[in-house]
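Listed here are the chains, written in short residue letters.
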Amino acid sequence: MELLILAVDLGTSGPKVALVSPRGEVLDCRIGTTSLVIPPGGGAEQDPAEWWASIRATTRQLLDANPGAAGRVAAVGCTSQWSGTVAVDRAGRPLMNALIWMDARGAPYVQRITDGLLKLEGYSVLRLATWVRLTGGIPLRSGKDSIAHILFIKHNLPDIYDAAHKFLEPKDYLNLCFTGRFAASHESITLHWVTDNREIDAVRYDDRLLRLSTLDRDKLPDLSRAVDILGPILPEVAADLGLPADIPVIMGTPDLHSAAIGSGAVADYEPHLYIGTSSWLTCHVPYKKTDLFHNMGSLPAAVPGKYFLVNEQETAGACLAFLRDNILYADDPLARDVRIPDVYPVFDEMVAATPAGSERVIFTPWLHGERTPVDDSLVRGGFHNLSLRATRAHLIRAVFEGVAYNTRWLLRYVEKFAKRRMDGIRMIGGGARSDIWCQIHADVLDRTIRQVKDPVEANVRGVGLLAAVAMGYTTFAEIDHNVPIAAVYEPNPANRQVYDELFAAYEAIYKQNKSIYRRLNGG
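Keep in mind that this is a model prediction, so the values were computed, not measured.

Colleague: Would you take a moment to explain the environment of Lys289 for this structure?
Modeller: Considering the arrangement of structural elements, one finds Lys289 in the loop between β20 (284-285) and β21 (290-291). Overall, Lys289 belongs to the partly exposed group, its relative accessible area being 24%. In contact with Lys289, other than residues within four places in its own chain, are Gly136, Gly297, Ser298, Lys416, Phe417 and Lys419. Polar side-chain contacts of Lys289 include one of 2.7 Å to the backbone oxygen of Phe417.

Next up, the structure:
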């Protein structure tokens, strides 16, 4: 019988655990849940113990539902949300909640280490030159990178900082839980901005960057490639989950990188668009390059020998969840017992029946600031140009369109970065389950959208395929373009004029109001 990969994907809303074949077929996938804590002042935290408990429970559900599958598992691979920080002691126990990718409380400390007399885009020119030359980027002044999380802990929670043996990315914390080993992969460590990435096959910590960062090298894990074997699964973990003893755990990779592999877009310049809680539009590239002005650059990829264009837009699918939970079905005195169990198909139906342009209502999806193509933690979202003619259906469609406008905003700079037109864009993530959202993206971007089959499973498929490569069961060349496409969406020329007009207004909303957001939100 065919061997299997146990693939774990830890997202912000919870883990997915799947059984994946060496060809990338997802035989079964189960989903767990985790909670999110939003402390004041720009915080965003999750409990690592809850992560692990949910992964254990979800894995047992998966294996119980597939008798005999546990004995066929040949390797474990983990992927997860990126740009998070887990402080652990020498025994591997978390010392506090994890600070995740939305946490911006470290911004003042990043601004301090990147400051100087002669500045460009707020950065010291000399420090900027060093960081960009060695790493391909520089810490975000918005404070949402891992380096900012550690600096926040160092300055605000010094006892935790002193007690920490290592600071780990979420994916690397999961690997610790599986193997008992402290390690990071070349690409998972990059948002600490302390590695020399100029030699893609020899990424290493750099003393100059460590001095600039003020981080302690001994509190950071040793490095390996994403396709390396970290070690065998711990005996107690194997027994707990019902897995064979001593199966290997691969290093794995963060979610941006696994999504690219799971979309089938492995070759250079092959684009994919992810619409989940957050959003990104990326591809692999053969060079190290930085676009400082639009906060993106090419950093080490999970695929050995390649760089990966990194960008991220903060809130995409999260905007629909916000609409559902905070406006349509808020838990308040107006709440009624009429909530539809799964409202998203109803959203799709209403949006498909509403004309393009949403009565010229524009939604800006900056509910937690923005990363790309602007690094602005103080910008905020909203509905614009409301009139008495606007209905609930217009507002829902405006959210779908606003996320697509944000993608179009980013697409311009991605194409400039790659020096080519991006078309045939593979779409994955929860948002890609929506046929109408795929069509809206095709119309707003004026690009062909290729809806990947089972798009929600792209990350588990990707890390499963990564593990299959690590185990010698397949190659990256075999993966490229072999992931099946469910449907293709061509731009509707009838919607070109309205979307061009509204997108121009969308950009103007940011430019003309960013100073107001800054005053309102503490800048």
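Colleague: Sorry, what's going on with the packing of aromatic side chains here?
Modeller: The description of an aromatic ring pair uses the distance of the two centres, along with the angle that the planes make with each other. The final tally for this structure, using the stated rule, is 17 aromatic pairs. Ring plane angle 50° and centroid distance 5.0 Å describe the contact between Phe363 and Phe383, whose orientation is recorded as tilted. With a gap of 20 residues between them, Phe363 in strand β24 (residues 362-364) and Phe383 in strand β25 (residues 382-384) connect regions that are remote in the sequence. Of the residues examined, Phe363 reaches a relative accessible area of 5% and is grouped as buried. Residue classification places Phe383 among the partly exposed positions, given a relative accessible area of 25%. Where Trp366 meets Tyr510, the ring centres are 5.7 Å apart and the plane angle is 75°; that geometry is what we call edge-to-face. With a gap of 144 residues between them, Trp366 in the loop between β24 and β25 and Tyr510 in helix α16 (residues 496-520) connect regions that are remote in the sequence. Judged on exposure class, the residue Trp366 and its partner Tyr510 are both buried. A cation over an aromatic ring shows up here: Lys219 above the ring of Tyr161, its NZ or CZ 5.2 Å from the ring centre.

Colleague: Just to check I follow, could you spell out the packing of helix α9 (residues 255-263) against helix α14 (residues 458-470) for this structure?
Modeller: Relative placement of two packed helices is described by the angle separating their axes and the distance separating the axes. Contact geometry of α9 with α14 gives a least axis separation of 7 Å together with a crossing angle of 85°. In terms of orientation, α9 lies roughly perpendicular with respect to α14. In this structure, α9 contributes Asp255, Ser258, Ala259, Ile261 and Gly262 to the contact, and α14 contributes Ala458, Asn459, Arg461, Gly462, Val463, Leu465 and Leu466. Looking at the contact of α9 with α14, its residues break down into six nonpolar, four polar and two charged.

Colleague: Just checking my understanding: could you explain the nonpolar core for this structure?
Modeller: Proteins that are soluble and globular tend to have nonpolar side chains buried together. The biggest cluster of nonpolar side chains holds 59 residues, and the ones touching the most others in it are Trp366, Phe400, Tyr405, Trp409 and Ile440. Among the elements that make up this core, the one with the highest residue count is helix α12 (residues 392-418) (14 residues). Aside from chain neighbours lying at most four places away, what touches Phe400 is Leu320, Phe347, Asp348, Val351, Ser434, Ile436, Trp437 and Ile440. Formed by 47 residues, the second largest nonpolar core is a distinct cluster that contains Val110, Ala164, Ala301 and Val310.

Rules used throughout
Residues numbered from 1 in each chain as written. Predicted model: local features only at pLDDT ≥ 70, side-chain atom pairs only at ≥ 80, totals over all residues. Heavy atoms only, no water. Helix = DSSP H or I, 4+ residues; strand = E, 2+ residues; numbered from the N terminus. Buried < 20%, exposed > 50% of the residue type's maximum accessible area, 1.4 Å probe, protein only. Contact = heavy atoms within 4.5 Å. Polar contact = N/O pair within 3.5 Å; in protein donor to acceptor, adjacent residues only side chain to side chain. Phe/Tyr/Trp six-rings, centres within 6.5 Å; stacked < 30°, edge-to-face > 60°. Lys NZ or Arg CZ within 6 Å of the ring centre and 35° of its normal. Axes fitted to C-alpha atoms, helices over the stretch in contact; angles between N-to-C directions. Parallel < 35°, antiparallel > 145°, perpendicular 65-115°, else oblique. Nonpolar A, V, L, I, M, F, W, Y, C, P; charged D, E, K, R; others polar. Core = buried A, V, L, I, M, F, W, Y, C linked by side-chain atoms within 4.5 Å.

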